[in-house]
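Given next are the chains, with one letter for each unit.
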Amino acid sequence: MKKVLLMSVVALTLSFTSVSAYDLRSNMLLLNADLRDVQQSFISSDKEGVKNSIERFAKHANELLGNKEKFEQMLPENKKHKSNEAVMSAQIIAHNVQIILDAVENKYNQSGKLRREESQRAYTYIEHACFRCHNIVRDEN
Ligand code: HEC
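Residues numbered from 1 in each chain as written. Predicted model: local features only at pLDDT ≥ 70, side-chain atom pairs only at ≥ 80, totals over all residues. Heavy atoms only, no water.

Bringing the coordination of the iron atom of the ligand into the picture now. Around the iron atom of the ligand, the protein contributes the donor atoms Met28 (SD) and His134 (NE2), at 2.0 to 2.4 Å from the metal centre. Its six donor atoms give the iron atom of the ligand angles of 85 to 179° at the centre, a pattern that matches the octahedral case. Here the residue methionine 28 occupies a position in helix H2 (residues 19-43), and histidine 134 occupies one in helix H6 (residues 112-137), the gap between them amounting to 106 residues. Since its relative accessible area comes to 28%, histidine 134 is described here as partly exposed. (Donors = N, O, S within 2.8 Å, 3.2 Å for Na, K, Ca; no water. Tetrahedral: all angles 85-135°; square planar, octahedral: opposite > 155°, others 65-115°. Helix = DSSP H or I, 4+ residues; strand = E, 2+ residues; numbered from the N terminus. Buried < 20%, exposed > 50% of the residue type's maximum accessible area, 1.4 Å probe, protein only.)

Shown next as structure tokens:
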């Protein structure tokens, strides 16, 4: 299943010509698949699944967004000045990933209900970070 998904990601991205657009799109598709795994785990109340999927997601998110210069290289000429947003998004994401991991590990000795609610809210803030940057980079100027 994972392999099939990966193959279709590769096939999809091969249709792109520029190397940087290829990198950006394939990385974003990977991030999207990772985040979907996290969402699925939350919906199923699968705590172990949340932990595993959020760790995988966090690693990829940081690799893609954590380095301004690297992200800038992937952006098209007319969007390069928006690369600052990547680091900002990486910080928002890292902050909320930490909230989720702390909740899973019950770092603050809170009730299960509170921990579920806080980690679920943190998940929506991560989604919001995706939307936020897309709104900015898809503006005309
Ligand atoms: C720092 C900015 C930024 C952040 C943060 C960001 N993206 Fe993107 N994303 C882009 C850019 C730029 C593109 C490519 C250009 C476009 O699609 O407008 C893109 C494209 C995509 C695409 C491909 C869309 C398509 O079909 O062409 C997906 C899927 C995607 N992002 C998912 C995500 C997810 C999921 C997150 C959050 C975990 C996220 N992105 C966070 C900037 C960002």
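The subject of this paragraph is the pattern of salt bridges. Summed over the entire model, instances satisfying the criterion amount to seven salt bridges. Ionic pairing is found between glutamate 72 and lysine 68, a salt bridge with its closest N-O pair at 3.7 Å. You can see glutamate 72 and its partner lysine 68 sitting in helix H4 (residues 68-74), four residues apart, about one turn around the helix. You can call glutamate 72 partly exposed: its relative accessible area is 26%. By relative accessible area, which is 28% here, lysine 68 ends up partly exposed. Residue arginine 132 pairs with glutamate 85 through a salt bridge whose shortest N-O separation is 2.8 Å. (Salt bridge = Lys/Arg side-chain N within 4 Å of Asp/Glu carboxyl O.)

For the ligand, the set of nearby residues contains 19 residues, the closest of which are Arg25, Met28, Cys130, Cys133 and His134. Separating an oxygen atom of the ligand from a side-chain N or O atom of arginine 25 is a distance of 2.5 Å. In this structure, an oxygen atom belonging to the ligand sits 2.7 Å away from a side-chain N or O atom of arginine 138. Contributing elements (two or more residues each) for the shell around the ligand: H2, helix H3 (47-65), helix H5 (84-104) and H6. (Near = heavy atom within 4 Å. Polar contact = N/O pair within 3.5 Å; in protein donor to acceptor, adjacent residues only side chain to side chain.)

What follows covers the environment of lysine 80. Checked against the element boundaries, lysine 80 lands in the loop between H4 and H5. What lysine 80 contacts, discounting residues up to four positions off in sequence, is Glu72, Gln73 and Leu75. (Contact = heavy atoms within 4.5 Å.)

Turning our eyes to something else, we now look at the environment of isoleucine 93. Position of isoleucine 93 relative to the elements: it lies in helix H5. As for isoleucine 93 and tyrosine 125, which are separated by 32 residues in sequence, their C-alpha atoms are 7.8 Å apart. Filtering out sequence-adjacent residues up to four positions away, isoleucine 93 remains in contact with Phe57, Ala61, Leu65, Ile126 and Ala129.

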